[in-house]
Amino acid sequence: MTHQLSSPDFHGEEKEQVTSIGQIKPELYRPKGDQAEGKLGDTCGKISFLLRYAFNTEQLVVKILKALDLPAKDANGFSDPYVKIYLLPDRKKKYQTKVHRKTLNPVFNETFQFGVPLNELHSRKLHFSVYDFDRFSRHDLIGQVVVDNLLDYSEGSGEKPIWRDIIEGHAEKPDLGELNFSLCYLPTAGRLTVTIIKATNLKAMDLTGFSDPYVKASLVCDGRRLKKRKTSIKKNTLNPTYNEALVFDIPNENIENVSIVIAVMDYDCIGHNEVIGMCRVGSMGDGPGREHWSAMLANPRKPIDHWHQLLELLCPQTKSNHFQGQI
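About the cut-offs
- Residue positions are given per chain, counting from 1 as you read along its sequence in written order.
- Selection of residues for local features in this predicted model requires a pLDDT of at least 70, selection of side-chain atom pairs for listing and counting requires 80 or more, and totals for whole chains, interfaces and linings are taken over all residues.
- Hydrogens and water are ignored here; the side-chain numbers use all heavy atoms of the structure.
- Here a helix means four or more residues in a row that DSSP labels H or I, a strand means two or more in a row labelled E, and each is numbered from the N terminus.
- Note on exposure labels: buried denotes an accessible area under 20% of the residue type's maximum, exposed denotes more than 50%, and partly exposed covers the range between, all computed with a 1.4 Å probe on protein chains only.
- In what follows, residue pairs with any heavy atoms lying within 4.5 Å of each other are defined as contacts.
- Methods summary: accessible areas were calculated by the Shrake-Rupley approach with a probe of 1.4 Å, and residue burial reflects only the protein chains presented.
- Pairing between strands requires that DSSP locate at least two bridges from one strand to the other.
- Note on definitions: angles span 0 to 180 degrees between N-to-C directions of axes, and those axes are lines fitted to C-alpha atoms, for helices only across the stretch in contact.
- What goes into a patch is any residue over 30% in relative accessible area without a salt bridge, connected to like charges within 9 Å or, for nonpolar side chains (Val, Leu, Ile, Met, Phe, Trp, Tyr), within 5 Å.
- Throughout this description, the term salt bridge denotes a Lys or Arg side-chain nitrogen within 4 Å of a carboxyl oxygen of Asp or Glu.
- Centre distance within 6.5 Å is the pairing criterion for rings of Phe, Tyr and Trp, where only the six-membered ring of Trp is used; planes under 30 degrees apart are then read as stacked, over 60 as edge-to-face, and the remainder as tilted.

**Observations regarding the overall build of the protein**
Move 1: When its secondary structure is counted, the protein shows one helix and 16 strands.
Move 2: Taking all 327 residues of the protein together, 47% fall into the buried category.
Move 3: Sequence separation of 24 or more characterises 69% of the internal contacts of the protein that already satisfy a separation of 6 or more.
Move 4: Looking at the protein as shown, the accessible area adds up to about 16,000 Å², and 49% of this sits on carbon and sulfur atoms.

**Overview of the sheet that holds strand β11 (residues 213-221)**
Move 1: Read across the open sheet, the four strands follow the order β12-β11-β14-β15; overall the sheet is antiparallel. Across the chains shown, the open sheet's two edge strands, defined by having one partner strand only, are β12 (224-230) and β15 (274-282). Taking the axes of each pair of neighbouring strands and ignoring which way they run, one obtains an average angle of 25° across the sheet.
Move 2: Here eight bridges tie strand β14 (residues 258-266) to β15, and the two strands are oriented antiparallel to one another. Paired with Val-264 across the two strands is Gly-277, which belongs to β15.

**Remarks on unusual backbone geometry**
Move 1: A positive phi angle, close to 50°, is found at Asn-109, a residue other than glycine.
Move 2: On the secondary structure map, Asn-109 appears in strand β5 (residues 107-115).
Move 3: By relative accessible area, Asn-109 is classed as partly exposed at 45%.
Move 4: Positive phi, normally seen in glycine, also occurs at Asn-236, with a value near 50°.

**Comments concerning a nonpolar patch on the surface**
Move 1: A contiguous nonpolar surface patch, about 250 Å² in accessible area, is contributed by Phe-55, Leu-118 and Leu-151.
Move 2: Along the polypeptide, Leu-151 turns up in the loop between β7 (140-147) and β8 (162-167).

**A short note on the side chain of Asp-266**
Move 1: Among the secondary structure elements, Asp-266 is positioned in strand β14.
Move 2: The buried category is assigned to Asp-266, whose relative accessible area is 0%.

**Comments concerning the environment of Ile-47**
Move 1: On the secondary structure map, Ile-47 appears in strand β1 (residues 43-54).
Move 2: A relative accessible area of 0% means that Ile-47 is categorised as buried.
Move 3: In sequence terms Ile-47 and Ile-162 are 115 residues apart; their C-alpha atoms lie 8.2 Å from each other.

**Here's the deal with the pairing of strand β3 (residues 81-88)**
Move 1: Burial of β3 is extensive: eight of the eight residues sit out of reach of the surface.
Move 2: The side-chain alternation of β3 yields two buried faces, one formed by Pro-81, Val-83, Ile-85 and Leu-87 and the other by Tyr-82, Lys-84, Tyr-86 and Leu-88.
Move 3: Across eight bridges, the pairing between β3 and strand β6 (residues 125-132) is antiparallel. Within β6, the residue paired with Val-83 across the bridge is Val-130.

**Re the packing of aromatic side chains**
Move 1: By the definition in use, this model includes five aromatic pairs.
Move 2: When the centroid spacing of 4.8 Å and the interplanar angle of 35° are considered together, the rings of Phe-49 and Phe-128 count as tilted. With Phe-49 in strand β1 and Phe-128 in strand β6, this residue pair connects regions lying 79 residues apart in the sequence. Each member of the pair Phe-49 and Phe-128 is classed as buried.
Move 3: For the ring pair Tyr-82 and Tyr-131, a centre distance of 5.6 Å and an interplane angle of 15° mean the geometry is stacked. A residue pair is termed long-range when its members are at least 10 positions apart, and Tyr-82 in strand β3 and Tyr-131 in strand β6 qualify at 49 residues. Taken as a pair, Tyr-82 and Tyr-131 share a single burial class, namely buried.

In structure tokens form, the structure reads like this:
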């Protein structure tokens, strides 16, 4: 189907080489025995931490000390471990340690604080996930630890190390982060403004435990990328704030036939910039992307902001790349 496109943003496809770096390997989605069913497995090392409750500030203070006897996940006989920590049932707020290179016995010595009222402490659980960092594919889950009965630890001094076995378990759904942006369309001017507001809990792409994220938005029609816009780069953060407007000229008669593919990228001054995660908005989009687009069209001249879960570059259900050539 051919559309008559009159806008300066519809001058044809821009050529840009898309590399395989940052794409997820299909074989990572194949079931592996019991892990495919989410069953817990054997122990795979131990983790040590300190735990105390600060009554004056109503904070649970967690100091991750070290881990011992982790399994080797890399071909060199080592792993590059780091730890993510949540206070369940809340998974929105999480912390993670720095990555330690080529070791099976990492020493972390990092302290984190969760704000939680004392009367809620009995219903919360501390969740540790130990990962092996991988620069070019999904980080491997080494194992997990869940600590309940937190009220029992509130009366202690927090000076005695607590040891727990790390339990091998089913790999979690990739947690790439979320992106908040608004859409505003002016029909008479034929102008779409995509305001990138902020992102949270982005996947760490660098060994520092952080990323250097920026956002790239591409105008797509009939599978061809017609125009792209980029935000600035935010250094060493997993929770960047942008508040930057990306403007596209789209005639009103074409607005139903286009979509915007948004990629959160990790900037690399030496190698290739890598995709952290993506989402799409438009009439042809799926679920949240289509709903956001419909809300924008129903409210012309009004910015409509939504949060979007970032998705992997490769779709595991179909083993096909929905975004190939569009970033």
